[in-house]
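One-letter residues, chain by chain:
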Amino acid sequence: EAGVTQFPSHSVIEKGQTVTLRCDPISGHDNLYWYRRVMGKEIKFLLHFVKESKQDESGMPNNRFLAERTGGTYSTLKVQPAELEDSGVYFCASSQDEDGDGYTFGSGTRLTVV
Amino acid sequence: EDKVVQSPLSLVVHEGDTVTLNCSYEVTNFRSLLWYKQEKKAPTFLFMLTSSGIEKKSGRLSSILDKKELFSILNITATQTGDSAVYLCAVANPNSGYALNFGKGTSLLVTP
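Read on for a plain summary of the structure. In this text the structure is predicted, and so the values were computed from the model without any measurement.

### Some words on the interface of chain A and chain B
Counting from both sides, the interface comprises 21 residues of chain A and, opposite them, 20 residues of chain B. Across the interface of chain A and chain B, roughly 1,700 Å² is buried in total on both sides, 57% from carbon and sulfur atoms. Taken together, chain A and chain B are joined by zero salt bridges. Applying the counting criterion to the chain A and chain B interface returns two residue pairs in polar contact (both at pLDDT 80 or more). Of all the secondary-structure elements, those providing two or more residues to the side of chain A that touches chain B are β4 (31-37) and β5 (44-50) of chain A.

See below:
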């Protein structure tokens, strides 16, 4: 079974540019989560999709971040325009059931904004 | 606000030693506590502890949950260099689609 895949693994962009991160969850997993870890801090929840619907986006930092999951399959997270403080590792996770178990994480995308 | 605190932040031990990693939490609505191991990339699942499953064991790793005192420990016996990783503790929030609240992690280095 293929795991959760994220693309790209590393992205370096200039402040003010736009970046789009992609997450392909495990096939059949309705729940998809985005998390972020900035340097020196803990991994923080960003948002949760159930199929194509945003269940909870309370962790999104501001309106420069836009997440989509059209068709309930893969998801994208766009940052526009990127700021220096957006640098960090963005993780995606998926699960079949919404019970805290069975979470599978992707390897993350390391975003560096210079 | 929910809080998860891990200690120590960093640990260096020799192969063969036993280590205990700590995780305390303050959450408004507890459902489950999870432990992950993160080597280079993706956090990989170790254990989930709930009210109905407060002790878990897998090989040299074991974990217990104390719901009264609001903490959990992860124990690794006879450590090996392959155990070197960051160990993450997280509490699932049922009020938020089981989004995970993470601690900062404990970085474990096992030296030969």
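### Considering the sheet that holds strand β3 (residues 19-24) of chain A
Residue and element names in this part refer to chain A. With antiparallel pairing, the four strands of this open sheet are ordered in space as β1-β3-β8-β7. Of all the strands in the sheet, just β1 (5-7) and β7 (65-68) have a single pairing partner and so form its edges. Each adjacent strand pair in this sheet contributes to an overall mean axis angle of 15 degrees, direction not counted. Bridge count between β7 and strand β8 (residues 75-79): four bridges; the pairing is antiparallel.

### Structural notes on the pattern of salt bridges
A side chain with one charge may pair with a side chain of the opposite charge, provided their charged atoms come close. Applying the stated rule across the entire model yields six salt bridges over all chains. The closest approach of N and O atoms between E57(A) and K54(A), which form a salt bridge, is 3.9 Å.

### Things to note about the state of the cysteines
Between two cysteines, a covalent bond joining their sulfur atoms is known as a disulfide. By the definition in use, this model includes two disulfides over all chains. A sulfur-sulfur distance of 1.9 Å marks the disulfide that ties C23(A) to C92(A). Because the torsion about its S-S bond is -60 degrees, the bridge between C23(A) and C92(A) counts as left-handed. Of this pair, C23(A) sits in strand β3 while C92(A) sits in strand β9 (residues 88-95); the two residues are 69 residues apart in sequence, bridging distant segments of the chain. Grouping residues by exposure puts C23(A) and C92(A) together as buried. Here C23(B) engages in a disulfide with C89(B); their sulfurs sit 1.9 Å apart. Here the disulfide of C23(B) and C89(B) is left-handed, its torsion about the S-S bond being about -70 degrees. Of this pair, C23(B) sits in strand β3 (residues 19-26) while C89(B) sits in strand β9 (residues 85-93), and the two are 66 residues apart along the sequence. Just as C23(B) is buried, C89(B) falls in that class too.

About the cut-offs
- Residues numbered from 1 in each chain as written.
- Chains lettered and ligands numbered in written order.
- Predicted model: local features only at pLDDT ≥ 70, side-chain atom pairs only at ≥ 80, totals over all residues.
- Heavy atoms only, no water.
- Contact = heavy atoms within 4.5 Å.
- Buried area = accessible area lost by both parts, 1.4 Å probe.
- Salt bridge = Lys/Arg side-chain N within 4 Å of Asp/Glu carboxyl O.
- Polar contact = N/O pair within 3.5 Å; in protein donor to acceptor, adjacent residues only side chain to side chain.
- Helix = DSSP H or I, 4+ residues; strand = E, 2+ residues; numbered from the N terminus.
- Pairing = 2+ DSSP bridges.
- Axes fitted to C-alpha atoms, helices over the stretch in contact; angles between N-to-C directions.
- Disulfide = S-S within 2.5 Å.
- Buried < 20%, exposed > 50% of the residue type's maximum accessible area, 1.4 Å probe, protein only.

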